[in-house]
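Examining the three-dimensional arrangement
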Amino acid sequence: MTLTQWFTFLLVIQLIHGLGTWKLYIIAGRKAWEAFVPVYNGIILMKIINRPWWWIILMFLPIVNLIMLIVVWVETARSFGKNSYNDTFLAVVTLGFYNYYLNYVADVNYVEDRSIQPKSGSGEWTSSILFAIVAATIVHTYFMQPFTIPSSSLEKSLLVGDFLFVSKFHYGARVPITTVAAPMVHDTIPGLKTKSYLFDDHKGSKSWKNKLQLPYLRLPGFENIKRNEIVVFNQPADTLLNMNDFHPDRNYYKPIDKKTNLVKRCVGLPGDSLEVRDGYVYINGKQNQLPDRAKLQFSYYVQPKNGGFSLNFLKERYDITDPPRPFPNTYVFPAITDDGVTKFKNHPNVATIIPAKAEKGVRDANIFPHHPDYKWNTDFFGPLYIPEKGKTIDINLEVLPLYKRVITEYEGNTLLVKGNQILINGETANTYTFKQDYYWMMGDNRHNSIDARAWGFVPFDHVVGKPVFIWMSWDGLKNPRWERFFTTVHGKGKATSYFIPFLVVLFGWIGFSKWQKLKKKS
């Protein structure tokens with residue numbers, strides 16, 4: 001829906017509310033017209049059901065409001081003496097239309113100064129669980145989201161098994177696009193293997209389910225994405241199946257906020273000219289200098305002597321368990337830093353070691369923009385311009401493969417090529433002005449990372465947040481990496497663990513709380 005359509009929809013909801021509750025407002029000592037005024041009617045209703053006024057804010061937060069609506073339906077019935085389990089059940093299953101029965105049929109009296117304390121143990125548990133879910137959903141959606149590192153594309157900086165806290169407010173929290181969804185889960189509900197949100201994958205925007213989406217909205221942030229920062233974002237080319245199987249010229253009707261979450265390093269900013277030479281990134285003609293915590297890694301062909309290497313040696317010394325062998329007596333070591341190469345060269349069992357890099361000018365069909373005119377590969381790529389909001393470029397058949405997906409899928413235009421003519425939204429075009437910023441995301445493990453070289457630009461509306469903290473880290477979910485507990489993601493020098501200070505503060509607070517309780521008793 002557009003904002004206008006949502007505004008109209010909300011007005012209809014207000015009318016339905018007013019028609020179903022105006023008599024109840026009168027019984028509660030209010031005026032009938034107060035039931036029809038948007039927002040104000042909610043504030044008055046909070047007074048009627050003896051709840052704080054700020055609950056009305058929760059009623060307008062996507063996802064959270066699904067829980068709050070149920071609570072308010074039940075609380076309204078109880079405020080007019082309907083406290084039985086049947087009343088609660090009817091209030092929920094009728095989606096609040098039980099109020100119409102109370103308003104027009106039932107003989108009800110308003111319970112003024114009603115106690116809001118649960119009257120049973122089960123009621124207290126239910127109330128506590130509901131508001132714990134509400135609080136956690138607000139934190140998860142607008143402030144901080146937990147995230148697990150699933151792959152080794154940022155190895156050395158972030159390890160597989162790191163558990164992160166990702167800040168939503170640094171770049172500005174994105175308002176959920178899917179309005180009807182389970183709280184605090186992403187694409188599917190764990191265990192049930194079913195979608196966590198109301199959406200029709202096959203009918204596209206024509207489905208009534210898809211019309212319940214909000215347009216893209218983002219709250220103001222307090223900083224912009226900086227070069228070389230690690231960023232969590234939704235993969236632009238997610239195909240609903242898996243993140244390795246995508247076709248760049250197709251549109252996939254999946255909400256942006258439900259696409260696969262990825263974490264990469266932002267090496268290219270809006271307005272940059274980017275090129276990859278021999279595996280190294282160049283920005284505006286200068287080689288990109290990574291932070292000292294980042295360690296570039298490449299694959300290498302290694303020919304051993306004296307019969308090769310034992311797998312135990314490879315695992316213990318170089319963290320490589322079973323390197324592939326593309327040629328006889330030759331291994332491919334998939335991830336070695338420059339320091340590792342220097343040490344490895346001096347090993348008595350190594351005959352030769354050379355980078356496993358692609359040749360310049362040899363096209364890789366899996367590399368963006370997936371067009372035969374672009375002879376690009378993993379190690380030799382570009383140059384290309386990264387779109388910046390408000391900037392205009394010349395558009396022609398030569399550069400169209402680079403920006404076709406931007407123009408159509410990310411910015412919602414129609415595009416048609418007739419001979420040598422490019423028609424955008426039905427009109428001949430030789431220039432195009434970008435509507436939002438775009439970024440170039442890559443992994444530090446350059447030969448073992450599916451990143452922007454495969455699927456192109458990342459629009460700003462796909463950005464989730466900034467990883468700020470590693471709160472836990474496990475090696476294969478077996479051995480804890482204690483030195484990584486409570487460390488920062490960004491910064492200079494070796495990361496410092498704040499786990500021990502955290503434990504000191506935690507146990508100190510627990511001890512202080514117990515001492516206070518004992519003091520009160522005495």
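Everything here concerns the structure above.
This structure, assessed with the given rule, holds 31 aromatic pairs. Between the aromatic rings of W55 and F131, the centroid separation amounts to 5.4 Å while the plane-to-plane angle is 40°, which identifies the pairing as tilted. In this pair, W55 sits in helix α3 (residues 55-58) while F131 sits in helix α7 (residues 121-142), placing the two residues 76 residues apart along the sequence. Relative accessible area serves as the criterion here: at 3%, W55 is assigned to the buried category.

A few words on a nonpolar patch on the surface. Taken together, F9, L10, V12, I13, I16, V39, F60, L95 and F97 make up a surface patch of nonpolar side chains, about 750 Å² in accessible area. Here L95 lies in the loop between α5 (85-93) and α6 (98-104). Judged by relative accessible area, L95 falls into the exposed class, the value being 57%.

On to the nonpolar core. Counting residues in hydrophobic clusters, the biggest one holds 45 residues, and the most contacted among them are L274, F381, L384, W440 and F457. Per-element tally for this core: the top contributor is helix α10 (residues 400-410), with six residues. Of all hydrophobic cores here, the second largest spans 35 residues; its members include I44, V64, V175 and L214.

Further remarks concern the sheet that holds strand β17 (residues 427-428). Read from one edge of the open sheet, three strands run β15-β16-β17, paired in antiparallel fashion. Edge strands, defined here as strands with exactly one partner in the open sheet, are β15 (415-418) and β17. In the sheet, strand β16 (residues 421-424) pairs with β17 via two bridges, with the strands oriented antiparallel. From the neighbouring strand, L423 faces β17, where its bridge partner is T428. Lying over the sheet, α10 contacts β15 and β16, oriented at roughly 145° with respect to β15.

We now examine the sheet that holds strand β7 (residues 273-277). Pairing within the open sheet is antiparallel, and its four strands lie in the order β9-β8-β7-β13. The open sheet terminates on both sides in strands that have one partner only, identified here as β9 (286-287) and β13 (381-385). Of the strand pairs in this sheet, β7 and strand β8 (residues 280-283) are connected by four bridges, and their pairing is antiparallel. The residue bridging E275 from the neighbouring strand is Y282, located in β8.

Turning next to the environment of Y301. Residue placement: Y301 occurs in strand β10 (residues 297-304). Separated by 56 residues in sequence, Y301 and K357 have C-alpha atoms that sit 9.4 Å apart.

Glancing now at the pattern of salt bridges. Using the criterion set out here, one finds 17 salt bridges in the structure. With its nearest N and O atoms 3.8 Å apart, the salt bridge here joins E409 to K259. Remark: K259 occurs in the loop between β5 (230-234) and β6 (261-268) and E409 occurs in helix α10; sequence separation between them is 150 residues. You'll find E409 and K259 in the same group, each marked buried. As a salt-bridge pair, K391 and E388 come within 3.0 Å of each other at their nearest N and O atoms. Judged by relative accessible area, K391 falls into the partly exposed class, the value being 39%. Residue classification places E388 among the partly exposed residues on the basis of a relative accessible area of 24%.

A cluster of basic residues, K514, K517, K520 and K521, forms a positive patch at the surface. By secondary structure assignment, the location of K517 is in helix α12 (residues 499-521). Accessibility expressed as a relative area gives 57% for K517, which makes it exposed.

Our next topic: the pairing of strand β1 (residues 144-148). The side chains of a regular strand alternate, residue by residue, between the two faces of the sheet. A one-sided burial pattern is seen for β1, the buried positions being Q145 and F147 and the unburied ones M144, P146 and T148. With five bridges joining them, β1 and strand β2 (residues 162-167) adopt antiparallel strand pairing. Bridge assignment links T148 to a residue of β2, and that residue is F163.

The next point concerns the packing of helix α4 (residues 64-79) against α5. Direction vectors running N to C along α4 and α5 enclose 140°, while the axes themselves pass 9 Å from each other. Accordingly, the angle class assigned to the pair α4 and α5 is oblique. Between α4 and α5 the crossing geometry is right-handed. Where α4 abuts α5, its residues I70, W73, V74 and R78 lie against T88, A91 and V92.

A few words on α10. For α10, the tally of buried residues reaches ten of eleven residues, placing the bulk of the element in the interior. Two residues or fewer past α10, G412 is found with a positive phi of approximately 70°.

A separate point is the environment of I177. By the secondary structure assignment, I177 is in the loop between β2 and β3 (188-189). Taking C-alpha positions, I177 is 4.7 Å from L214, a pair spaced 37 residues apart along the chain. In this structure, I177 is in contact with L212, Q213, L214, I256 and D257, ignoring residues within four places of it in sequence.

Note that N261 resides in strand β6. At 2.9 Å, the side chain of N261 forms a polar contact with the side chain of N234. Those residues within four positions of N261 in sequence are excluded, and the remaining contacts are Q145, F147, H186, F233, N234 and V464.

Procedures and definitions
Residues numbered from 1 in each chain as written. Predicted model: local features only at pLDDT ≥ 70, side-chain atom pairs only at ≥ 80, totals over all residues. Heavy atoms only, no water. Phe/Tyr/Trp six-rings, centres within 6.5 Å; stacked < 30°, edge-to-face > 60°. Helix = DSSP H or I, 4+ residues; strand = E, 2+ residues; numbered from the N terminus. Buried < 20%, exposed > 50% of the residue type's maximum accessible area, 1.4 Å probe, protein only. Patch = residues over 30% accessible without salt bridge, like charges linked within 9 Å, V, L, I, M, F, W, Y side chains within 5 Å. Areas by Shrake-Rupley, 256 points an atom, 1.4 Å probe, with all protein chains shown as cover. Salt bridge = Lys/Arg side-chain N within 4 Å of Asp/Glu carboxyl O. Core = buried A, V, L, I, M, F, W, Y, C linked by side-chain atoms within 4.5 Å. Pairing = 2+ DSSP bridges. Contact = heavy atoms within 4.5 Å. Axes fitted to C-alpha atoms, helices over the stretch in contact; angles between N-to-C directions. Lys, Arg positive; Asp, Glu negative; His and termini not counted. Charge placed at Lys NZ, Arg CZ, Asp CG, Glu CD. Parallel < 35°, antiparallel > 145°, perpendicular 65-115°, else oblique. Left-handed = near helix turned anticlockwise from the far one by under 90°. Polar contact = N/O pair within 3.5 Å; in protein donor to acceptor, adjacent residues only side chain to side chain.

In short, geometric facts, not functional conclusions.
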